[in-house]
Amino acid sequence: MAFTTPISLRPAINSRLGWNQLNLKKPYIAAKDELMSKKGLIHKTVETLEKLPEDSIQEIADFAEFMLKKNEEKILQKGIETMVSESDSFAFLQDEEDLYNEDDLKEKY
């Protein structure tokens, strides 16, 4: 699957103008195994970012920072959960004996 040319550029490219005359780089064509790889996605994203205006790029940069922080928080949360589950701090809750049983109930439904 190759990256396609934006529709607005197709008439100019299909005419006698070439990529160099439009002052554009030739589009990146990824190999099949690279399409969903991290490197391929990063390359595709960078090419797309180069075509956007500066305010849109700033918005995307802010979103990328948000996603990074969200991922870091998820990793921290998993680490905390692992530490707590492997810790003996709350072991007394697992060893707690039952204080009541069915015989202690006054009414059964």
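Within any chain, residue numbers begin from 1 and follow the written order of that chain's sequence. Selection of residues for local features in this predicted model requires a pLDDT of at least 70, selection of side-chain atom pairs for listing and counting requires 80 or more, and totals for whole chains, interfaces and linings are taken over all residues. As a rule here, side-chain values come from all non-hydrogen atoms in the structure, and water together with hydrogens is ignored.

1. Description of the overall build of the chain
Helical segments are the DSSP runs of H or I of at least four residues, strand segments are the runs of E of at least two, and each set is numbered from the N terminus. Scanning the chain for helices and strands turns up 4 helices and 0 strands. Along the chain, helices (α) and strands (β) appear in the sequence α-α-α-α when read from the amino end. Throughout this description, buried means an accessible area under 20% of the type-specific maximum (1.4 Å probe, protein chains only), exposed means over 50%, and partly exposed covers the range between. A total of 109 residues make up the chain; the buried ones form 5% of that total. The method behind every accessible area is Shrake-Rupley, applied with a 1.4 Å probe, and residues are considered shielded solely by the protein chains displayed. Summing over all exposed atoms, the chain offers an accessible surface of approximately 10,600 Å²; the carbon and sulfur share of this is 57%.

2. A few points about a nonpolar patch on the surface
Like-charged residues are merged into a patch within 9 Å and nonpolar side chains (Val, Leu, Ile, Met, Phe, Trp, Tyr) within 5 Å, provided each residue has over 30% relative accessible area and no salt bridge. We count a salt bridge whenever a side-chain nitrogen from Lys or Arg sits within 4 Å of a carboxyl oxygen from Asp or Glu. Together, I80, V84, F90, F92 and L93 give the surface a local cluster of nonpolar side chains, amounting to about 510 Å² of exposed area. Only helix 3 (54-86) and helix 4 (91-94) provide two or more residues apiece to the nonpolar patch. Checked against the element boundaries, F90 lands in the loop between helix 3 and helix 4. Here F90 falls in the partly exposed class, since its relative accessible area comes to 48%.

3. Remarks on a negative patch on the surface
On the surface, a cluster of negative charge is contributed by E54, D55, E59, D62 and E65. Here E65 lies in helix 3. You can call E65 partly exposed: its relative accessible area is 46%. Within this scheme the basic residues Lys and Arg register as positive and the acidic residues Asp and Glu register as negative, but His and the chain ends are omitted. The atoms used to mark charge sites are NZ of Lys, CZ of Arg, CG of Asp and CD of Glu.

4. Side note on the confidence of the model for the chain
For every residue, the predictor reports its confidence as pLDDT, a number between 0 and 100. On average, residues of the chain score 75 in pLDDT, and 68% of them reach the 70 mark or higher. A low-confidence stretch, residues 1-24 stays under pLDDT 50, and its non-local contacts, those more than four residues away or across chains, total 22 contacts. Whether two residues are in contact is decided by their heavy atoms, any of which lying within 4.5 Å being enough.

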